[in-house]
Amino acid sequence: MAEKIVLLRKRKGWSQEELADKLDISRQSVSKWELGASIPDLDKILRLSELFDVTTDYLLKDDVREISSNVSEVFEEMSEPSARRVSAKEANLFMDLTEKLSGRIAFAVSLFILSPVPLMFLGGVAEYKHTRLTENMAGGLGVTILLVLVAIGVAILILNGMQLSEFEYLEKEAIFIERSLAEMVEEKRRTFEPKFRVVVTIGVFLCIIGVVPLLMAFGLTEDEFVYVCCVDILLILICIGVHLFVRYGMVHESYEKLLQRGDYTEEKKALGRKTSYFPRIYWCLVTAIYLGISFYLNNWEISWIVWPVAGVLFAALYGIVQAIYRRR
């Protein structure tokens, strides 16, 4: 059926987009039919027979002698001019490189989350325990460790992120891959999916359970140092959870990008290109507001609240912006 839909569409002189409009479906659906990744529903088969003026038997039966003597020529026609062809070599290189670098990038993100842990712990020791460690010493040492961890994390992200930069087009451009390659990627995705679900479940569990020690401490003791330690435990558990999200999420996304699914459908890529200005402007403004409030009030212990509020607000505002563009 895949070969038949391709040739019949070409005979009509329609693009995948035009056929999708006539069927009131997405272009991605037509692309999947022509790749053999999925088959049309019964009502769509009936509609196709009307549009192409052929019988449903013609579409459903395996006899393709009337379609083409060379199936490879048909699939050559499937590559739309606007779509970038991805070879098997490129796809395998991208998947292997992503799997290789995902652990390093996840480690870098973990360092960012862990960076304030030494500062808070040393500050708690200096303030609530009778030691020779003064608050100034604790602050100086803690900030030094924080900056070193952040610097290491940034260096890891830059070095490893640059290796993936040549594949940025997978997130932004419409791509085309051969049916055999799509089937291979889909098989990898299916094999990986059970492990991915387990890892996400563990990560979510750790992020939720991390709050429990802090809540128990509030009910059992008034020792401020215990509270500090519980917050450190919370950050460590969140760090482990986020590490799992990033490491396995990158591998899962590599399959989604090649198959153009989830957040990487052609429609969402087009929408992302139109709204790409928003995150840059938003986070620059948030940073300016954070620094302005912090320096003006000189109360850095409270001004950090800007970041979680900005994170939640970003999701809401970005959703509104995308909804406006979709409506247009």
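Here the structure is a predicted model, which is why all the values come from computation and not from measurement.

A. Spotlight on the overall build of the protein. When its secondary structure is counted, the protein shows 17 helices and 2 strands. C-alpha atoms of the protein, sized along the principal axes, occupy 90 × 40 × 40 Å. Considering only contacts in the protein between residues 6 or more positions apart, those separated by 24 or more positions represent 76%. Looking at the protein as shown, the accessible area adds up to about 19,100 Å², and 62% of this sits on carbon and sulfur atoms. Taken together, the 37 basic and 42 acidic charged side chains of the protein have centroids lying 2 Å from each other.

B. Highlighting helix 15 (residues 277–297). End to end, helix 15 covers 31 Å across 21 residues, agreeing with the expected 30 Å (1.5 Å per residue, within 8%). The complete set of buried residues in helix 15 reads Phe278, Tyr282, Val286, Tyr290 and Ser294. End-on view of helix 15: buried residues confined to an arc of 110°, all on one side of the axis. Looking at helix 15, the residues exposed on the side facing more than 90 degrees away from the buried face are Arg280, Cys284, Leu285, Phe295 and Tyr296.

C. Region of interest: the nonpolar core. Grouped together as the largest cluster of nonpolar side chains are 30 residues, with contacts concentrated most on Val86, Leu170, Val185 and Leu258. Only helix 7 (88–114), helix 10 (169–172), helix 11 (179–209) and helix 13 (224–259) provide two or more residues apiece to this core. Top contributing element to this core by residue count: helix 13, with 9 residues. Not counting the four nearest positions on each side in its chain, valine 86 is found in contact with Ala91, Tyr169, Leu170, Ile175, Phe176, Ile177, Leu181 and Leu258. Among the nonpolar cores identified, the runner-up in size contains 14 residues, and Leu23, Leu51, Phe52 and Tyr58 belong to it.

Rules used throughout
- Residues numbered from 1 in each chain as written.
- Predicted model: local features only at pLDDT ≥ 70, side-chain atom pairs only at ≥ 80, totals over all residues.
- Heavy atoms only, no water.
- Helix = DSSP H or I, 4+ residues; strand = E, 2+ residues; numbered from the N terminus.
- Contact = heavy atoms within 4.5 Å.
- Areas by Shrake-Rupley, 256 points an atom, 1.4 Å probe, with all protein chains shown as cover.
- Lys, Arg positive; Asp, Glu negative; His and termini not counted.
- Charge placed at Lys NZ, Arg CZ, Asp CG, Glu CD.
- Expected span 1.5 Å × (residues − 1).
- Buried < 20%, exposed > 50% of the residue type's maximum accessible area, 1.4 Å probe, protein only.
- Arc of directions from axis to C-beta.
- Core = buried A, V, L, I, M, F, W, Y, C linked by side-chain atoms within 4.5 Å.

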